[in-house]
Amino acid sequence: MKLGLISILTVSLLFSCKNSQIKNTETAQNEAVKSNITDEQLMDRVQKDALKYFWDYAEPKSMLGRERYHEDNIYPDNDKHVITTGGSGFGLATLLVGVERGFVPRKEAVKRLTHMMDFLAKADRHKGAWSHWINGETGKTVPFGKKDNGGDLVETAFLTSGILMVREYFKNGNAEEKALASKCDELWKGIQWNWYTKGGEKVLYWHWSPEYQWEMNFRLEGYNECLITYILAASSPTHPIDAETYYKGWARNGNYLSDKTKYGLPLYVKHNYAEEYGGPLFWSQYSYIGLDPTGLSDKLVKNYFDLNKNQVLIDYKYCVENPKQWKGYGPNYWGLTAGYTRNEDGSTGYTAHMPTNDNGVITPTASLSSFPYTPKESMDFLRFLYTQKPEFIGSAGPYDATSVNYNNWFTPRYLAIDQGTIAPMIENYRTGFLWKLFMNAPEIQQGLKKLSFQSEKYGIK
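As named in an unreviewed UniProt entry, the protein is Beta-glucosidase, taken from Chryseobacterium herbae.

What follows is the structure, encoded as structure tokens:
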């Protein structure tokens, strides 16, 4: 099912999208592509498809990324209008890929992005940070949980990474583009990162609520998906943290390093609650939409690319080994990460899939967003999906959760945080486009130097 008629008309009237839908697919939806399609054509195809989530199916008033988009139009929590902060950040990166590749018109993208920044400027903020969920119609905070009704620093970081890339992409453009870049800059400078040290502790905290203050009490300590939060906090020109906060807080005074291996591959760091295999694969993706791990090091980790590559390869090797003997698992069908899942009764649920939480469900974004680390293995998955499993492809690309084991089960639903990493990470593999934007931002260069990061690729010493 497509968006409701009112939503489609709203989008069309506001942004003249009728004549600028993404130049689409070489084949009809739910029809397998020809086996002789080239790798480049396949990557174009999946990037275009994933882009639709944020272009064709955006929340119609804010134009930001919905938390979820369901083709079946079933929203049990009545949250069709709820936008997600982090997923919208990935959506910004996705839109930039669309502009750069000519999938969407640049002028219309600028108009839409300007509208999005204006919405974010008026939306509820908590010491400059946005909440995890926002009402797309009103800009008001939507509680993620009873006490999680204020600022979410990690979701804010994912959003800010996208905002900075938009700024960098358009800052030298025409008058409208420069105005957009200026709006991005103002939003970035308004975030009070150091407030989230809870009065000067040498660690960042995930949440702060004007009603419940620090009662969530969730310290950001490595290793998981939150590295980018510290990078941005250290890079802030207005409300920065110091290097000590990074090394004492995130790096646990060095106590997050690991000497363990799996399948002969070093893990390098202790993945929180997942020290044997590493965590769900989004840990190797969310922070690295803009942060280029290639040859990147700090005082403790010698090469972040190797860290991420090994995590992905461990996941891949686990799926190929397939100790639980799930039907379908193998070199062309693999990838465990957080997302929708199949409950025991066949209904749709949610879980963080990983080797220690494997229920026979494969999440396509896991392997597709791993292209920079495992290009061959990811391409094998992509080719298998589009040429042999057309039922797993919907109106905005691969569905969020699939299972060959359960008679080719899938859920006709999408999540922004999953769909939003596909086009950006594939593009980083293809051209390094988003990595170059983010890593060359002046504040990011200074922030990385402050934290003793080094990258020969970007002249950071």
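Draft legend 1. Layout of the pairing of strand β9 (residues 338-342). The buried count for β9 comes to five of five residues, which makes it a mostly enclosed element. Across five bridges, β9 lies against strand β10 (residues 348-352) in antiparallel orientation. For Y340, the partnering residue across the bridge sits in β10 and is Y350.

Draft legend 2. Expanded view of the confidence of the model for the protein. Chain-level pLDDT for the protein is 94 on average; 93% of the residues reach the 70-or-more range. Low pLDDT, under 50, characterises residues 1-21; the predicted model gives this stretch 39 contacts beyond four residues in sequence or across chains. Low pLDDT, under 50, characterises residues 23-28; the predicted model gives this stretch 13 contacts beyond four residues in sequence or across chains.

Draft legend 3. Representation of the environment of S369 in the model. Along the chain, the position of S369 falls in the loop between α10 (364-368) and α11 (375-388). Note on S369: relative accessible area 0%, which makes it buried. S369 sits 60 residues away from Y429 along the chain, and the two C-alpha atoms are 9.5 Å apart. Those residues within four positions of S369 in sequence are excluded, and the remaining contacts are Q285, T421, I422 and M425. Here I422 takes part through its backbone nitrogen, which lies 3.5 Å from a polar atom of the side chain of S369.

Draft legend 4. Focus on the pattern of salt bridges. Tallying each qualifying case throughout the model produces 28 salt bridges. In this structure, R430 and D44 form a salt bridge, with 2.9 Å as the shortest nitrogen-oxygen distance. One end of the pair, R430, is in helix α13 (residues 422-430); the other, D44, is in helix α2 (residues 39-55), and 386 residues separate them in sequence. According to the relative accessible area criterion, R430 is buried, its value standing at 17%. Residue classification places D44 among the partly exposed positions, given a relative accessible area of 21%. Taking the shortest distance from any N to any O, the salt bridge between E276 and K262 comes out at 2.6 Å. Placement of the pair is E276 in the loop between β8 (265-266) and α9 (304-321) and K262 in strand β7 (residues 261-262), with a sequence separation of 14 residues. Look at E276 and you get partly exposed, because its relative accessible area is 39%. On the basis of relative accessibility, which here comes to 18%, the residue K262 falls in the buried class. Where salt bridges share partners, they join R167, E168, K171, D185, K189 and E443 into one cluster.

Draft legend 5. Seen up close, helix α6 (residues 175-189). Here α6 spans 21 Å end to end across 15 residues, near enough to the 21 Å set by a 1.5 Å rise per residue. Those residues of α6 not exposed but buried are E177, L180, A181, C184, D185, L187 and W188. In an axial view of α6, the angular spread of the buried residues amounts to 165 degrees, which keeps them on one side of the axis. The outward face of α6, more than 90 degrees from its buried face, is lined by the exposed residues A175, E176 and E186. Against the buried residues of α6 lie α4 (106-122), α5 (153-170), α7 (227-235) and α15 (442-450). Here α6 starts with a cap whose side-chain oxygen sits 3.1 Å from the backbone nitrogen of E176, and that cap is N174.

Draft legend 6. Inspection of the packing of aromatic side chains at higher detail. In the structure shown here, the tally under the stated rule is 38 aromatic pairs. On the basis of an interplanar angle of 65 degrees and a centroid distance of 5.8 Å, the ring pair of Y223 and W250 is categorised as edge-to-face. Of the two residues, Y223 sits in the loop between β6 (207-208) and α7 while W250 sits in helix α8 (residues 243-250), which places them 27 residues apart along the sequence. Given the relative accessible area of 1%, Y223 is considered buried. An angle of 10 degrees between the planes, with centres 6.2 Å apart, marks the rings of Y333 and F381 as stacked.

Thresholds, definitions, all that
Residues numbered from 1 in each chain as written. Predicted model: local features only at pLDDT ≥ 70, side-chain atom pairs only at ≥ 80, totals over all residues. Heavy atoms only, no water. Buried < 20%, exposed > 50% of the residue type's maximum accessible area, 1.4 Å probe, protein only. Helix = DSSP H or I, 4+ residues; strand = E, 2+ residues; numbered from the N terminus. Pairing = 2+ DSSP bridges. pLDDT = per-residue confidence, 0-100. Contact = heavy atoms within 4.5 Å. Polar contact = N/O pair within 3.5 Å; in protein donor to acceptor, adjacent residues only side chain to side chain. Salt bridge = Lys/Arg side-chain N within 4 Å of Asp/Glu carboxyl O. Expected span 1.5 Å × (residues − 1). Arc of directions from axis to C-beta. Phe/Tyr/Trp six-rings, centres within 6.5 Å; stacked < 30°, edge-to-face > 60°.

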